[in-house]
Amino acid sequence: MLSDALLTKFNEQIGIEFESSNLYLQMSSWCGFNGLDGCAAFLREHSAEEMDHMFRLFDYVNETGAKALIPALSRPRSEFESIRDVFETTYKHEQFVTGKINELVHAAFTEHDYSAFNFLQWYVAEQHEEEALFKKVIDLVDMVGTDGQGLFYLDREISKVQGSASPSDAPPGGGA
Ligand code: OFO
């Protein structure tokens, strides 16, 4: 059973995962609009991963006998200066999400809710992977460059970058 305070935080995190998914889907559209189909595919796949993150939380909340609530969502940013701006934004966004996950883990631990604490370890590992993934993509942007043919090669290389090595073998819902 989740306390009211933890339930509120879990529902907030459900909203954050939704917003992450929407942000990456919007970025995918920006990339497609600008002829960067490889980046568009990469971000679309990542958008789907964020929905998986949302569903894991949604299922966990419902399994505890509480009710998951979908909050109002803010409209994602839709204009970017460049492809580097897109990936810098993803990197900063993931750092923000890591902070929110850490707050949630801290609240679960403080309340001695070890079921929630255990369940959230998947997100701790996932955030580490995601920050590393987007840092790697920014490094790729800087290495290949975006001038002339660079942008063409960059788009091709990013389409080959695998999604984060998600700890996806962990069962959804009730934790490891
Ligand atoms: Fe990309 O972060 Fe979800 O959890």
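Above this text you will find the structure in question.
This section reports on the structure supplied with the text. The shown structure was predicted, so the numbers you read here are calculated from the model rather than taken from an experiment. Along each chain, the written sequence defines residue order, and numbers are assigned to residues from 1. Only residues with pLDDT of at least 70 get local features here, since the model is predicted, and only at 80 or more are side-chain atom pairs given and counted; chain-wide, interface and lining totals rely on the full set of residues. As a rule here, side-chain values cover all heavy atoms of the structure and leave hydrogens and water aside.

**Notes on a nonpolar patch on the surface**
Part 1 of the reasoning: A patch consists of residues exposed above 30% relative accessible area that lack any salt bridge, with like charges linked at up to 9 Å and nonpolar side chains (Val, Leu, Ile, Met, Phe, Trp, Tyr) linked at up to 5 Å. Every accessible area reported is derived by Shrake-Rupley at a probe size of 1.4 Å, with residue values counting cover from the shown protein chains alone. Whenever Lys or Arg places a side-chain nitrogen within 4 Å of a carboxyl oxygen from Asp or Glu, that contact is recorded as a salt bridge. Nonpolar side chains collect at one region of the surface, where Met143, Val144, Phe152 and Tyr153 lie side by side and expose about 430 Å² of accessible area between them.
Part 2 of the reasoning: For the purposes of this entry, the term helix denotes a DSSP run of H or I that reaches at least four residues, the term strand denotes a run of E that reaches at least two, and both are numbered from the N terminus. Where the nonpolar patch is concerned, the elements lending two or more residues are helix H4 (114–144) and helix H5 (149–160).
Part 3 of the reasoning: In this structure, Tyr153 sits in helix H5.

**Here's the deal with the environment of Leu151**
Part 1 of the reasoning: Along the polypeptide, Leu151 turns up in helix H5.
Part 2 of the reasoning: Along the sequence, Leu151 and Ile83 sit 68 residues apart, while their C-alpha atoms lie 9.0 Å from each other.

**Observations regarding the packing of aromatic side chains**
Part 1 of the reasoning: Within 6.5 Å between ring centres, the rings of Phe, Tyr and Trp (the latter by its six-membered ring) count as paired, and their orientation is classed by plane angle as stacked under 30 degrees, edge-to-face over 60, tilted in between. Inspection of every chain in the model, using the stated rule, returns 13 aromatic pairs.
Part 2 of the reasoning: Note on Phe10 and Tyr60: the rings are 5.5 Å apart at their centroids and 20 degrees apart in plane angle, and the pair reads as stacked. Taken together, the residues Phe10 in helix H1 (residues 4–33) and Tyr60 in helix H2 (residues 37–63) connect sequence positions 50 residues apart.
Part 3 of the reasoning: One aromatic cluster is present, formed by Phe10, Tyr60, Phe119, Trp122 and Tyr123 through successive ring pairs.
Part 4 of the reasoning: When the ring centre of Trp122 is taken as reference, the NZ or CZ atom of Arg56 above it lies at 4.0 Å. Put simply, a charge is over a ring when the Lys NZ or the Arg CZ is close to the ring centre, within 6 Å, and near the line of the ring normal, within 35 degrees.

**Some thoughts on unusual backbone geometry**
Part 1 of the reasoning: You will see that His112, though not glycine, has its phi angle at about 60 degrees, which is positive.
Part 2 of the reasoning: Mapped onto the elements of the fold, His112 is located in the loop between helix H3 (83–110) and H4.

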